[in-house]
Amino acid sequence: MPVLGMGGFFFRATDPDALTAWYRDHLGVGAGCAAEGAGEADAYSWQVQGGPLVFAPFKADTDYFAADKQFMLNLRVRDLEGMIAKLRAADVEVVTKPEWNDPHVGSFARVHDPEGNAVELWEPPAG
């Protein structure tokens, strides 16, 4: 197939500058950011590590995320517990539910950005 991977994720925001800063400051996501071991950051893109990416439409009536939102961003992370502690220390509300976790799939937590978009944090199982 000619598709090599995700090239971008674009969405509308009431205050794009503030939302850009929130993602950069709390999650290390966005232009000028680079994941550990992913190379040097540049001014226009986020350098990421290779790995699995789930691309999956949900049923229109799903209750897995808010009915008034068309998407939920899922970010693959390392050290989910450490990230949860960092976010909570910054007064970001983090939701965890034991039923979201599966030893074969991984562990999950969820935050919402300042505009109410769900951001799921996913730590795949080790190995």
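Reference entry: report on the structure contained in this document.

## Some points on helix 2 (residues 80-89)
By the burial criterion, the buried members of helix 2 are Leu 80, Met 83, Ile 84 and Leu 87. With its buried residues spanning 100° around the axis, helix 2 presents them on a single face. When the buried face of helix 2 is taken as reference, the exposed residues oriented beyond 90 degrees from it are Glu 81 and Ala 89. Against the buried residues of helix 2 lie helix 1 (16-27), strand 2 (107-112) and strand 3 (118-123).

## Side note on unusual backbone geometry
A positive phi angle, near 60°, is found at Asp 79, a position not held by glycine. Of note, Asp 79 is situated in the loop between strand 1 (73-76) and helix 2. On the basis of relative accessible area, Asp 79 is assigned to the partly exposed category, the value being 45%.

## Focus on the packing of aromatic side chains
Across all of its chains, the model carries 9 aromatic pairs by this definition. Arranged with centres 5.3 Å apart and planes meeting at 45°, the rings of Phe 9 and Phe 11 form a pair that is tilted. Looking at Phe 9, the relative accessible area reads 38%, which means it is partly exposed. Both rings, one in Phe 58 and one in Phe 65, keep their centres 5.6 Å apart while their planes meet at 70°; by these two values the pair is edge-to-face. Judged by its relative accessible area of 13%, Phe 65 is buried. Through successive ring pairs, a cluster of aromatic residues spans Phe 9, Phe 11, Trp 22, Tyr 23 and Phe 71. Seen from the ring of Tyr 64, Arg 110 lies directly overhead, with NZ or CZ sitting 4.6 Å from the centre. Geometry around Trp 100 places Arg 110 over its ring, the cationic atom sitting 4.5 Å from the centre.

## What to know about the packing of helix 1 against helix 2
It is the contact of helix 1 with helix 2, at a shortest axis distance of 10 Å, that shows an interaxial angle of 125°. It follows from the interaxial angle that helix 1 and helix 2 lie oblique. Contacts from Asp 25, His 26 and Leu 27 of helix 1 reach helix 2 at Met 83, Lys 86 and Leu 87. Looking at the contact of helix 1 with helix 2, its residues break down into 3 nonpolar, 1 polar and 2 charged.

Calculation rules
- Residues numbered from 1 in each chain as written.
- Predicted model: local features only at pLDDT ≥ 70, side-chain atom pairs only at ≥ 80, totals over all residues.
- Heavy atoms only, no water.
- Buried < 20%, exposed > 50% of the residue type's maximum accessible area, 1.4 Å probe, protein only.
- Helix = DSSP H or I, 4+ residues; strand = E, 2+ residues; numbered from the N terminus.
- Arc of directions from axis to C-beta.
- Contact = heavy atoms within 4.5 Å.
- Phe/Tyr/Trp six-rings, centres within 6.5 Å; stacked < 30°, edge-to-face > 60°.
- Lys NZ or Arg CZ within 6 Å of the ring centre and 35° of its normal.
- Axes fitted to C-alpha atoms, helices over the stretch in contact; angles between N-to-C directions.
- Parallel < 35°, antiparallel > 145°, perpendicular 65-115°, else oblique.
- Nonpolar A, V, L, I, M, F, W, Y, C, P; charged D, E, K, R; others polar.

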